[in-house]
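Understanding the architecture of this molecule
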Amino acid sequence: MSESTLVESDVEVRRQLRERLGKDGLKIAQPDEPPLFTRTPESPMVPMHWRWEDLHAYLEELGQVLSLEPGGDRRTLRLANPGLEYGTTPTFWASIQYINPGEVATAHRHTPDAFRFIMHGNGCTTNVEGEKYDMNEGDLVLTPNWMWHDHVHEGKEPMIWLDVLDVSVMKKLHNIYFDPYEQGTQPVNDYPETSWREFGSGLMRPVGPAPRPERNPLLVYSKAQADSAMELAKGLRPDPLDDVILEYQNPAGGGSALPSMSMKSQIIRPGFQGKAHRHGGSKVYYVQEGSGTTIVNGRRFDWNKGDFMSIPPWATHRHLNEGTVEGRLFRVDDSPILRYLNTYHEEVLADASEAEKQR
Ligand code: GTQ
Ligand code: FE2
């Protein structure tokens, strides 16, 4: 028998086995399946760049035409990846929430961890289990899983913020739980902003045993503190990949602020030419201020204030700034999950030209 006949008969044998085995809930590998064990990660997620001018126009429209009540009492514009069936990345949904003055996003709790990074406006408060926090531009507020939360807008202008939930991975794990609260909103504790008053300095903490790191005791990170930390970091040796970069840390133990999500602040200064690199996991960037450029798999994203970008797993990318103003990026990535699984890998490329060829 010739080799090609052998191969053809193998294909036929496997096809016939597929029929029979399938009825018993069994499978064997088929030749037409895409390979699972690729040398390096392959992802159907595509690099994305959303421009603020487009997002803003849609948001203003949604603010007019969508009421809050259906759809879980939230008005959100979700950043979807056309390569994925679900999510902004395999781990997250990043959405932009829009709330009009006087509106109430009613209380509930859910298993996905969430955070908000405030983009525009003021006067809206969020209540996380009785701790009521003002939300001002550039603040980061956490809603760790299963904590009750509601948002009440007492200000005069619409408010816009970024929400990120680790809902793609939670859905994959079939681990979504959700409870609505009996009332619309929660009562406020006698001593509001407790977590902030206890742990917000980042330097001091309440006396007694050290808090356990599993549950971040701090719910809010202020813009002012992040800004001063970033100013200090400008005096450090530039990071060859990310220029100036710091992580929002869990003050108990120093890990990421949430178990699945690492939030970071980055400044790309004029003249910076970052090294091309790739790593496991996915990330989403929000351009907090200024402008710059990120080249992802050979596609050039010239970003400006208010834009969003997403980077797929193992995509080659580098940051640069050919302009005259600093670019300030807020970012979330899922590196804590991969690190927990002892499989976070990063590669810095000496020569990006080959890897950067448009894929
Ligand atoms: O504000 O509680 O974007 O529960 C998605 C789900 C926001 C929220 C989202 C949510 C929220
Ligand atoms: Fe929520």
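Each chain has its residues counted from 1, running along the sequence as written. Going through the entries in the order they are written, you letter the chains from A and number the ligands from 1. With the structure being a predicted model, the display of local features is reserved for residues of pLDDT at least 70 and the display and counting of side-chain atom pairs for 80 or more, all residues being used for whole-chain, interface and lining totals. Water and hydrogen atoms play no part in the side-chain values, which are based on all heavy atoms of the structure.

Only rings of Phe, Tyr and Trp enter the pairing, Trp through its six-membered ring, and a pair is recorded when the two centres are within 6.5 Å. The plane angle decides the type: under 30 degrees is stacked, over 60 is edge-to-face, the rest tilted. Throughout the structure, instances matching the rule amount to nine aromatic pairs. With a centroid separation of 6.0 Å and 65° between ring planes, the pair formed by Phe117 and Tyr286 is classed as edge-to-face. Of this pair, Phe117 sits in strand β5 (residues 114-120) while Tyr286 sits in strand β16 (residues 283-289), and the two are 169 residues apart along the sequence. To sort residues, take the accessible area from a 1.4 Å probe on protein chains only and compare it with the maximum for the residue type: under 20% means buried, over 50% means exposed, and anything in between is partly exposed. Owing to a relative accessible area of 0%, Phe117 belongs among the buried residues under this scheme. By definition, any uninterrupted DSSP run of H or I lasting at least four residues is a helix, any uninterrupted run of E lasting at least two residues is a strand, and each is numbered from the N terminus.

Attention now moves to the coordination of the iron ion (ligand 2). When four donors bind a metal tetrahedrally, each ideal donor-metal-donor angle is 109.5 degrees, and when six bind octahedrally, the ideal angles are 90 or 180 degrees. Ligating atoms shown are N, O and S within 2.8 Å of the metal, or 3.2 Å for Na, K and Ca, and water is not included, meaning a site may look less than complete. The coordination sphere of the iron ion (ligand 2) contains the protein donors His108 (NE2), His110 (NE2) and His149 (NE2), at a distance range of 2.1 to 2.2 Å. Sequence spacing among the residues donating to the iron ion (ligand 2) works out to H-x1-H-x38-H. For His108, a relative accessible area of 8% corresponds to the buried category.

A separate point is the site of ligand 1. Throughout, the term near means that a residue has one or more heavy atoms lying within 4 Å of the molecule or strand in question. Taken together, Arg74, Thr76, Ser95, Gln97, His108, His110, Arg116, His149, His151, Asp163 and Leu165 are the residues near ligand 1. For ligand 1, an oxygen atom lies 3.2 Å from a polar atom in the side chain of Arg116. In the model, an oxygen atom of ligand 1 is placed 2.9 Å from a nitrogen or oxygen of the Asp163 side chain. Surface burial for ligand 1 is 86%, taken as the share of its 290 Å² of free accessible area covered by protein chains. With a 1 Å grid spanning the protein atoms alone, the term cavity applies to any set of points in which a 1.4 Å probe fits but cannot get out, the term pocket to an open set with protein on both sides within 12 Å along at least five of seven lines, and the term lining residue to any residue with an atom within 4 Å of a point. More than half of a molecule's atoms lying within 2 Å of a cavity's or pocket's grid points is what places that molecule inside it. Cavity membership is defined here by more than half of the atoms lying within 2 Å of grid points; on that basis ligand 1 lies in the second largest pocket. Elements represented by at least two residues in the shell around ligand 1 include exactly β3 (93-99), β4 (104-110), β9 (149-153) and β10 (159-165). Each residue is assigned to one class: nonpolar for Ala, Val, Leu, Ile, Met, Phe, Trp, Tyr, Cys and Pro, charged for Asp, Glu, Lys and Arg, and polar for all the others, Gly among them. Among the residues forming the shell around ligand 1, the class breakdown is one nonpolar, seven polar and three charged. Polar contacts here mean pairs of N or O atoms no more than 3.5 Å apart (in protein, one a potential hydrogen donor and the other a potential acceptor; neighbouring residues in sequence count only if both atoms are side-chain atoms). Residue-level accessible areas treat just the shown protein chains as cover; the underlying method is Shrake-Rupley with a 1.4 Å probe.

A word on the environment of Gly72. Looking at where Gly72 falls in the secondary structure, it is placed in the loop between α2 (52-65) and β2 (76-78). Through-space distance from the C-alpha of Gly72 to that of Asp179 is 11 Å; in sequence the pair is 107 residues apart.

What follows covers the nonpolar core. We call a set of buried residues a nonpolar core when its members are Ala, Val, Leu, Ile, Met, Phe, Trp, Tyr or Cys and they connect through side-chain atoms within 4.5 Å of each other. Of all hydrophobic cores here, the largest spans 34 residues; its most connected members are Phe115, Leu140, Leu162, Met263, Phe308 and Phe330. For this core, the secondary structure elements donating two or more residues are β1 (48-50), α2, β3, β5, β8 (140-143), β10, β16 and β21 (327-333). We call two residues in contact when some of their heavy atoms are within 4.5 Å. Aside from chain neighbours lying at most four places away, what touches Leu140 is Phe115, Arg116, Phe117, Leu219, Val220, Tyr221, Tyr248, Met263 and Phe330. In terms of nonpolar packing, the next biggest core, distinct from the first, is built from 13 residues, Ile118, Val128, Tyr133 and Val220 among them.

A separate point is the pairing of strand β17 (residues 291-296). In terms of residue burial, β17 counts as a mostly covered element, since six of its six residues are buried. Of the strand pairs in this sheet, β17 and strand β18 (residues 299-304) are connected by six bridges, and their pairing is antiparallel. When the sheet's bridge partners are listed, Ser291 is paired in β18 with Asn304. By definition, two strands form a pair when at least two bridges between them are found by DSSP. Taking the residues that link successive antiparallel strands as the turn, the β17-β18 hairpin has two residues, and the phi of Asn297 there is positive, at about 45°.

Further remarks concern the layout of surface pockets. Size it by volume and the largest pocket reaches roughly 850 Å³. Forming the walls of the largest pocket are 24 residues, and the residues nearest its centre are Pro90, Thr91, Lys172, Pro313 and Asp334. Looking at the lining of the largest pocket, the elements with two or more residues in it are α3 (167-172) and α6 (335-340). Ranked by residue count, the leading element in the lining of the largest pocket is α3, at four residues. Residues that form the lining of the largest pocket fall into these classes: 10 nonpolar, nine polar and five charged. Grid points are joined across faces, edges and corners, and a volume is the space filled by probe spheres set on the points. Here the second largest pocket defines a volume of roughly 570 Å³. What lines the second largest pocket is a set of 23 residues, among which Arg74, Arg78, His108, His110 and Leu165 lie closest to the centre. Of all the secondary-structure elements, those providing two or more residues to the lining of the second largest pocket are β2, β3, β4, β5, β9 and β10.

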